[in-house]
Every structure is written in C-alpha cells, then in structure tokens.
Amino acid sequence: AQGDVLINLIECVDFAAIKHRNQRRKDSDSTPYINHPIGVARILTHEAGIQDIVILQAALLHDTVEDTDTTFEELEKKFGKAVTKVVREVTDDKSLPSEERKRLQIVHAPTSSPEAKAVKLADKLYNLRDLCKGTPRGWSSKRCEEYFKWSKKVVDGLRGTCPIIESELDKIFTAKGLM
Ligand code: NDP
Ligand code: ZN
C-alpha cells in the first residue's frame, strides 16, 4: 500500500540522519553529510522521475555502511534483502587501498544491477555538481580534475540506465572538456 511506501522512506531518512549525524561534507561550508543522500534520492525522484521504492531507499542509505558503523546485517534486518543488495553493490570495500577501490568502481560498474546503476549515477551527479560549486577543503585543482576524469570512466560503465541523469552528467563532462 502507499502508506507502507511512505513509512519505509521516512524510516530510511531517519536512520541515515542518525547514522551520519556527526559527519560533514568536504565543501568549504562543511554542509551536514545527510544533505548528500537526501539530494541523491531527490535527483532520482525529481529529475529522473523514479518512484521505485527499493532504489529510493537504497539511495537514502547508500553511504551508511561505507561511511558509518552500519553493517549490512543491520540494514537487512531493518530494510530487507532487496534494499540491502543494492546498498552492497554501491559500497566500496574500505579495507582496500584507495587506488584499488577507485579501479574496482570502474570494473564493477557495467555488471551491476539496474537499481545499483541508477543510485550510482545519481551519486556521481550529486558529487560532480558539488565539485563544480567549489573545490573541497584540502583538494588541489589537479585532484579535482582527476576526480572528474575518474568519474567519467565509472559513468561510462553505467550508461543505458537513466537517460536524464546521463545527459546531466554529460553536460558536466562536456564543460570539463572530457567529451
Ligand atoms: P575521494 O576522492 O574518495 O573523495 C571524494 C568523495 O568524497 C566523493 O566521492 C564523495 O563521496 C565525498 N564528498 C564529500 N564531500 C564532497 C564534495 N563537496 N564534493 C565531492 N565529493 C564529496 O577522497 P578520499 O579521501 O577517499 O581519497 C582517496 C582518493 O583520493 C585516492 O584515490 C587517492 O589516490 C586520491 N588522492 C588524490 C590526491 C591528488 O592530489 N590527486 C591527493 C590525495 C588523494 P560520497 O558519495 O561517498 O560522499
Ligand atoms: Zn554518496
């Protein structure tokens, strides 16, 4: 029922807000971290027109395991297998060196599920729009440039999923001279 969908979404927003409560983004204003997962979900609903509850829940939860003490077991108990599977697909293994994590994102992108691809595309769009607004604290312009180049390689493996999000990403890549 529609009521269940709304309740599940609010439960995800609340869970993510609690888990990310002490974190800030890397922008000069140190924006509360929770703005990011909410903004990723909003790209999917308001820009891409997506209403799939599993995708939207996964978007709200997508950085809880990677960036907080949340476990996949905890997510599965609270939000079920389908949502947890998508979050698992978009979560980097933080025990690996960062170069390897970045490489694996490029390698895994093409074989991930359509749901995971949608979340990943919206995540990349949100982060690249952030970078367009300003260089994160402590980053050189070279580091920013490399992030755009790497993101393009990941996005190239996610194509054919969400034309609207892909065209927004392409506007950014074109402006940066990457296509
Ligand atoms: P990342 O490159 O992983 O940082 C970018 C991530 O930070 C984004 O993917 C996003 O992830 C999050 N984020 C938070 N705030 C912002 C924001 N305002 N704009 C964009 N993204 C934001 O940095 P790490 O700290 O993990 O560093 C690891 C990588 O950086 C390695 O590959 C390393 O080689 C490279 N590096 C490069 C340097 C250089 O000068 N070229 C120097 C040092 C490291 P999320 O969606 O999860 O929030
Ligand atoms: Zn993210």
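Sequence order as written defines the numbering, with residues in each chain counted from 1. Lettering of chains starts at A and numbering of ligands starts at 1, both following the order in which they are written. Only residues with pLDDT of at least 70 get local features here, since the model is predicted, and only at 80 or more are side-chain atom pairs given and counted; chain-wide, interface and lining totals rely on the full set of residues. The side-chain values count all of the structure's non-hydrogen atoms but skip hydrogen atoms and water molecules.

*Asks:* Would you mind going over the packing of aromatic side chains with me for this structure?
*Replies:* Aromatic ring pairs: the centre-centre distance and the angle between the two ring planes describe each pair. Two rings belonging to Phe, Tyr or Trp (six-membered ring only in the last case) form a pair when the distance between their centres is within 6.5 Å. Interplanar angles under 30 degrees mark stacking, angles over 60 mark edge-to-face geometry, and anything in between is tilted. With the rule as written, the count across this model stands at three aromatic pairs. Ring plane angle 80° and centroid distance 5.3 Å describe the contact between Phe15 and Phe79, whose orientation is recorded as edge-to-face. Taken together, the residues span a long stretch of sequence, with Phe15 in helix H1 (residues 2–19) and Phe79 in helix H5 (residues 72–79) at a distance of 64 residues. Aromatic ring contacts, followed pair by pair, group Trp139, Tyr147 and Trp150 into a single cluster. In this structure, Arg143 packs its charged tip against the face of Trp139, placed 4.1 Å from the ring centre. The helix and strand labels rest on DSSP assignments: H or I over at least four residues marks a helix, E over at least two residues marks a strand, and numbering proceeds from the N terminus. Definition used: whenever NZ (Lys) or CZ (Arg) falls within 6 Å of the ring centre and also within 35 degrees of the ring normal, the charge is taken to sit over that ring.

*Asks:* Honestly, H1 in this entry has me stumped. Any pointers?
*Replies:* Note: α-helices contain 3.6 residues per turn, so residues at a spacing of three or four share the same orientation. A helix is expected to reach a length of 1.5 Å times the quantity of its residues less one. Here H1 spans 26 Å end to end across 18 residues, near enough to the 26 Å set by a 1.5 Å rise per residue. For H1, the set of buried residues is Cys12, Phe15, Ala16 and Lys19. Looking straight down H1, one finds that the buried residues subtend no more than 95° of arc, so they occupy a single side. Residues of H1 that are exposed and point over 90 degrees away from its buried face: Gln2, Ile7 and Ile10. Should any heavy atoms of two residues lie within 4.5 Å, those residues are counted as being in contact. Where H1 is buried, its residues contact helix H3 (53–61), helix H4 (64–67) and H5. Only protein chains enter the accessibility calculation, which uses a 1.4 Å probe. A residue is then buried if its area is under 20% of the maximum for its type, exposed if over 50%, and partly exposed in between. Comment: arc refers to directions from the helix axis out to C-beta atoms.

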